[in-house]
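Report on the structure
For reference, the chains in residue letters:
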Amino acid sequence: MENIGHGGKEIVERILPKDAAIKRVNEMRAAKAKELDVRLQIATEVIDIAYGFFSPLEGFMTKADVDAVCDNMTLADGKTVWAIPIVFDMSDEDLKKSGIKQNDEVLLTYTSNPFAVFEVSDIFTLDKQDMAQKVYGTTDEKHPGVKRTYQYQDKFIGGKITLLNPPKINEPFTRFWLTPKQMRERFKEKGWEMIINHQTRNVPHTGHEWLMKGAYLGAYGSMMVDKPRGGILVNAIIGSKREGDYIDEAIILCQEAQGKHGYFRDDIFLTTCSLWDMRYAGPREAVFHACLRTNLGCTHHMFGRDHAGVGSYYDPYDAHRIFDKLPKGSLNITPIFNLDWWFCPVCDEVTYMGVCGHKDKKASFSGTMIRSIIQDGVKPPRRIFRPEVFDMIMECAEKYGFGDAFVTEDYLKRRNPVFTIEPLK
Ligand SMILES: [Zn+2]
């Protein structure tokens, strides 16, 4: 029962054990199976599918699924909620050259090493503008999700994926990457029954810390001293970066630092990461995050102001309202909606929009303010950044960011990859 994921189905795991995988590769090569080397974007999603992060998906979407996702926010079955298309694209030219046809089994490679088997069940085209409008609510190519959509090649292939060669997750991410099944094991060890997910792509200032504390207390209602506790799962999104984002290493290590240094009790706090390229789809991405965290075994999911949004494409609370529009019982996770936490000079503390009566005097944790604090490198008051967290930001900038805590061109070019696919032997 504990391995039931989104859509009420058993968590998908489509991975061949090593010996069987080696045999399969040899057989496919002997039979002259078609081979395709995939880019990082696709490789990331192959891993997500194979380990069940995207349960109940077993592969890349067919046209029926993509259409249903765009039109009704469900899979083709008409009832499983799904908000973002998961597609495998290919140029017309490459498709012709490869000779890939329906019902083929294709050997996917990544960085030239055997990686996965792709059972082609559908080859199709899509109206990318229509897809952008339906998923992102805009066709403006300045929107990063729309841009990604327009960058897709013209042909799409749907079909099941089986992983042959598990990724090697590189430092410092190794201990943070847990598969859905491993995540559930970990919760069981910790004795957690209530698990509250915090989605992040930030290093935490105290506003974030309080967001989590508020959600935790709110989810609990009352707390008896001797009763076992549930926990907060910080699940950082690690994936494609844009210049100016926090570097992945700082995000994960600074989140962990909050637990290490006691700002959260050790027995109620866990930091992990999952691989996903943010689409910045605002409300639709919030729904996607809810499905992803259901698969990780979470019972609750926090949604703050402007969750997964970008620019001013979405109202800051659209990502809350969308949950009211979903059919009752279609999600197996309880959303927790957060308003803003801010610093109030009158209360002289970090406080909550829903409580503090000095709205005019508030000092919000604006991105610009936080960014300039980090760029100055001068340790700010502890009510803005915990000193251990701030030290870790500086350490990560030196160790991983080529002197910067934010993504630069240099970082994009020279960073150590998050995962690698090694030769299969
Ligand atoms: Zn106040």
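Residues numbered from 1 in each chain as written. Predicted model: local features only at pLDDT ≥ 70, side-chain atom pairs only at ≥ 80, totals over all residues.

1. Quick word on the pairing of strand 8 (residues 195-200)
Burial within strand 8 is extensive, with six of its six residues counted as buried. Side chains Ile 195, Asn 197 and Gln 199 of strand 8 all project onto a buried face; the interleaved residues Ile 196, His 198 and Thr 200 project onto the opposite face, where all are buried too. As judged from the six bridges shared by strand 8 and strand 9 (residues 231-238), these two strands associate in the parallel manner. Across the sheet, Thr 200 pairs through a bridge with Ala 236, a residue of strand 9. Of the crossover connections in this fold, the one passing from strand 8 over helix 8 (residues 206-220) to the parallel strand 9 is right-handed. In this sheet, strand 11 (residues 300-303) lies alongside strand 8 in parallel orientation, the contact comprising two bridges. (Buried ≥ 20, exposed ≤ 12 C-beta atoms within 10 Å, placed from the backbone. Helix = DSSP H or I, 4+ residues; strand = E, 2+ residues; numbered from the N terminus. Pairing = 2+ DSSP bridges. Right-handed = clockwise from strand over helix to strand, strands pointing away.)

2. Some words on the pairing of strand 11
On strand 11, burial covers both faces: His 300 and Met 302 on one face and His 301 and Phe 303 on the other are all buried. Examined bridge by bridge, strand 11 and strand 12 (residues 334-337) share four bridges and lie parallel to one another. Bridge pairing in strand 12 links His 301 to Pro 335. Regarding topology, helix 11 (residues 318-325) serves as the crossover connection from strand 11 to the parallel strand 12, and that connection is right-handed.

3. Comments concerning the sheet that holds strand 10 (residues 269-275)
The parallel open sheet is built from five strands, whose spatial order is 10-9-8-11-12. Unpaired on one side and paired on the other, strand 10 and strand 12 mark the two borders of the sheet. Direction aside, the axes of adjacent strands within the sheet are offset by 30° on average. Each of strand 8, strand 9, strand 11 and strand 12 is contacted by helix 8, which is oriented at about 155° to strand 8, the strand it contacts most. (Axes fitted to C-alpha atoms, helices over the stretch in contact; angles between N-to-C directions. Contact = placed C-beta atoms within 7 Å.)

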